[in-house]
Amino acid sequence: MAISTNVNNMLMETYEDPRDILFSDTKEITPLFAACESGQDRSGMGRKFIERVTWSEGTAVSADGDTADTIAGDGAAGSTPGQDRWEITPVTLDSSFVMTRDDLDATDGMSSREQYDVLSKYIDMAMKRLRNKLCEQVGGTGSGALCQISAITSTTVTVPIVYVNKFRVGSRLTAATAESGGTAYGTAIRVTAINTSTGVLTLSADPTSTWANNSALYLFDSGNRGAVITGVRGWIDPNGATLFGMTRAGNPALSGFGVDCSTLDTTQGLIKTANQSFYNGHKPDLMIVTGRTWEILQADKDAAKNVVPVKIGDYEIGYEAFRLATVFGFIPVLPDAFWGALNPTSAGQYAICGPFMSKEDRPKLKHTNKALITIDDKDGNIIRAQSGRKYGGRVYFRGQLSFAHSVGKYTLGTGLPS
């Protein structure tokens, strides 16, 4: 059976703007993803996104006019308004869907509408699968690492229980001895079973021989190491690692601010993180914490008195947030299922606060195409013949997350209790 022109056109029209599909099942959308402004940036068409940033208004102020003139004219960094051009490298993420010839034969004799309903389910799942990966990646560093394991056998690896949600039966994994650099093991192994109570993943091959007998390996989705979007932990880096060619060391206006919470309890650490933003001259409107930190808040606070509804982002996705008292009033605190350290047992928990709900300063999820996730129909066909009596297609995202315009207004708290 051939896909009729009518059905093909119906599919193209539906997926020209798939926002209703991507944001319909809101329970799966994480707060960090919901907070992002999604918009097309054609500067990234076939090349890098360009953002012009002003990271300082300058320091040329003095009671002595000649001194102010000297400061403004001496050419030192920060004397005059600090302005730069940030060239941000986009990435491409593909999500494929495949059906057999028998699957298509089963639609023979159906009406165009019935055929459309069958085929659109495959495409919807591919789009949501890719969106869910973006939900994972907006909190990461850009390394692609899913987590660090704590144990390995000839048939299994053990991952932090809080990150079991990153794995599915059928996931293809690779490994490395470090998040970036180190020794990479590119042979993929498939997940065949998941124990959500213990974090044990059963694998299709012996990881100790396919990879290495190393109980501290980092896991990656196959093909994703160093090739995914650079998320919050890549942008908000108080250590100031160079990012997309921009030197940031020692300049929190380009790297964000940091707070060490390792000697504090959870509530003290969150308050200190929020208050630090105030001391740095910024007013955060939202704090994102890990699931574990949220559990501790649940145990410490009276949820009936301290939990309030909050809506995030352009699609006003609703969540329930704790209210945190700070020096500038209450701010909502929300958990993100994918946010946190790759090994939370040793590194502790993370919290991030900033102007996530500000139209001007929220993170921007830039994409080169009109839609956030685009159907690959460059030849005019959505479904194409493949090898082995199979047919299928692909949807894709080409873009990058950017905090370039506001990175210095965010504060990262680390070392919170686990």
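Structure first, text after, so check above.
Since the model is a prediction, treat every value here as computed from it, not as a measurement. (Residues numbered from 1 in each chain as written. Predicted model: local features only at pLDDT ≥ 70, side-chain atom pairs only at ≥ 80, totals over all residues. Heavy atoms only, no water.)

### Examining the overall build of the protein
Now for step 1: Broken down by element type, the protein carries 13 helices and 22 strands.
Now for step 2: A compact globule built from 418 residues should have a C-alpha radius of gyration of about 22 Å, and the protein, at 24 Å, falls within 12% of that.
Now for step 3: Out of the 418 residues in the protein, the part that is buried amounts to 48%.
Now for step 4: Long-range contacts, defined as pairs at least 24 residues apart, comprise 75% of the intrachain contacts of the protein with a sequence gap of at least 6.
Now for step 5: In the protein, the 40 positive side-chain charges and the 44 negative ones have mean positions that sit 4 Å from each other. (Helix = DSSP H or I, 4+ residues; strand = E, 2+ residues; numbered from the N terminus. Rg over C-alpha atoms; globule rule 2.2 N^0.38 Å. Buried < 20%, exposed > 50% of the residue type's maximum accessible area, 1.4 Å probe, protein only. Contact = heavy atoms within 4.5 Å. Lys, Arg positive; Asp, Glu negative; His and termini not counted. Charge placed at Lys NZ, Arg CZ, Asp CG, Glu CD.)

### What to know about helix 10 (residues 266-279)
Now for step 1: Taking 1.5 Å per residue as the helical rise, helix 10 with its 14 residues ought to reach 20 Å, and the 20 Å between its terminal C-alpha atoms agrees with that figure.
Now for step 2: Buried within helix 10 we find Thr-266, Gly-269, Leu-270, Thr-273, Ala-274, Asn-275 and Ser-277.
Now for step 3: By the N-cap criterion, in which a side-chain oxygen at the helix start approaches the backbone nitrogen of a residue two or three places on, helix 10 is capped by Asp-265, the distance to Thr-267 being 3.3 Å.
Now for step 4: The positive-phi residue at the C-terminal boundary of helix 10 is Gly-281, with phi of around 90°. (Expected span 1.5 Å × (residues − 1). Polar contact = N/O pair within 3.5 Å; in protein donor to acceptor, adjacent residues only side chain to side chain.)

### Structural notes on the packing of helix 10 against helix 11 (residues 291-300)
Now for step 1: In the contact formed by helix 10 and helix 11, the axes pass within 10 Å of each other and the chain directions differ by 115°. Contacts from Thr-266, Thr-267 and Leu-270 in helix 10 reach Thr-293, Ile-296 and Leu-297 in helix 11.
Now for step 2: Taken together, the residues of the contact of helix 10 with helix 11 sort by class into three nonpolar, three polar and no charged. (Axes fitted to C-alpha atoms, helices over the stretch in contact; angles between N-to-C directions. Nonpolar A, V, L, I, M, F, W, Y, C, P; charged D, E, K, R; others polar.)

### Looking at the environment of Lys-311
Now for step 1: Mapped onto the secondary structure, Lys-311 falls in strand 14 (residues 307-312).
Now for step 2: Here Lys-311 falls in the exposed class, since its relative accessible area comes to 57%.
Now for step 3: The spatial distance from the C-alpha of Lys-311 to the C-alpha of Ala-34 is 9.3 Å, given a sequence separation of 277 residues.
Now for step 4: Ignoring sequence-local partners within four residues, the contact set of Lys-311 consists of Glu-316, Ile-317, Gly-318 and Met-357.

### Notes on the pattern of salt bridges
Now for step 1: All chains considered together, the criterion is met by 17 salt bridges.
Now for step 2: As a salt-bridge pair, Asp-41 and Lys-366 come within 2.8 Å of each other at their nearest N and O atoms. Remark: Lys-366 occurs in strand 18 (residues 364-367) and Asp-41 occurs in the loop between strand 1 (37-40) and strand 2 (49-56); sequence separation between them is 325 residues. Lys-366 carries the same exposure label as Asp-41, and that label is buried.
Now for step 3: For Glu-295, the salt bridge goes to Arg-292, with nearest N and O atoms at 3.0 Å. Placement of the pair is Glu-295 and Arg-292 together in helix 11, with a separation of three residues, close to one helical turn.
Now for step 4: Members of the salt-bridge network, linked through shared partners, are Glu-37, Asp-314, Lys-359, Arg-362 and Lys-364. (Salt bridge = Lys/Arg side-chain N within 4 Å of Asp/Glu carboxyl O.)

### Overview of the packing of aromatic side chains
Now for step 1: Under the criterion given, the structure shown has 10 aromatic pairs.
Now for step 2: Residues Trp-294 and Phe-322 carry aromatic rings whose centres are separated by 4.5 Å and whose planes lie at 55° to one another, so their mutual orientation is tilted. Placement of Trp-294 in helix 11 and of Phe-322 in strand 15 (residues 317-326) is noted, with a sequence separation of 28 residues between them. Both residues of the pair, Trp-294 and Phe-322, belong to the buried class.
Now for step 3: Members of the aromatic cluster, joined through ring pairs, are Phe-23, Phe-33 and Tyr-315. (Phe/Tyr/Trp six-rings, centres within 6.5 Å; stacked < 30°, edge-to-face > 60°.)

### Some remarks on the environment of Arg-42
Now for step 1: Tracing the backbone through its elements, the reader meets Arg-42 in the loop between strand 1 and strand 2.
Now for step 2: Taking the C-alpha atoms as reference, Arg-42 lies 45 Å from Asp-66; in sequence the two are 24 residues apart.

### Notes on the nonpolar core
Now for step 1: Formed by 67 residues in total, the largest nonpolar core has its most connected members in Phe-33, Trp-86, Ile-123, Ile-236, Ile-352, Phe-356 and Phe-403.
Now for step 2: By residue number, the principal contributor to this core is helix 6 (residues 112-137), which donates eight residues.
Now for step 3: Apart from the residues lying within four places of it in its own chain, the contact partners of Phe-403 are Val-232, Trp-235, Ile-236, Phe-356, Pro-363 and Tyr-410.
Now for step 4: Listed in part, the 18 residues of the second largest apolar core include Phe-167, Leu-173, Trp-211 and Leu-219. (Core = buried A, V, L, I, M, F, W, Y, C linked by side-chain atoms within 4.5 Å.)

### Section: the side chain of Glu-51
Now for step 1: Checked against the element boundaries, Glu-51 lands in strand 2.
Now for step 2: Reaching out from Glu-51, the side chain makes a polar contact with the side chain of Ser-402 at a distance of 2.5 Å.
Now for step 3: Not counting the four nearest positions on each side in its chain, Glu-51 is found in contact with Asp-84, Arg-85, Trp-86, Ile-88, Lys-366, Ser-402, Ala-404 and His-405.

### With respect to the sheet that holds strand 12 (residues 257-260)
Now for step 1: Ordered in space as 12-22-17-13-16-15-14, the seven strands form an open sheet in which the pairing is mixed. The open sheet has two edge strands, strand 12 and strand 14, and neither has a second partner. Shown here is a sheet whose adjacent strand axes are inclined to one another by a mean of 30°, direction ignored.
Now for step 2: Pairing of strand 12 with strand 22 (residues 411-416) involves four bridges; the strand directions are parallel. Across the sheet, Val-259 pairs through a bridge with Gly-413, a residue of strand 22.
Now for step 3: Across the sheet, helix 10 is in contact with strand 12, strand 13 (286-289), strand 15, strand 16 (329-335), strand 17 (349-354) and strand 22; its angle to strand 22 comes to roughly 160°. (Pairing = 2+ DSSP bridges.)

### Re the sheet that holds strand 7 (residues 156-158)
Now for step 1: As summarised here, the arrangement of the seven strands in space is 5-11-8-9-10-7-6, forming an open sheet in which the pairing is antiparallel. Each of the sheet's edge strands pairs with one partner strand only, and the pair in question is strand 5 (145-148) and strand 6 (151-152).
Now for step 2: Alignment of strand 5 against strand 11 (residues 218-221), held across three bridges, turns out to be antiparallel. The partner of Cys-147 across the bridge, within strand 11, is Leu-219.

Note that all results are geometric; they support no functional claim without further evidence.
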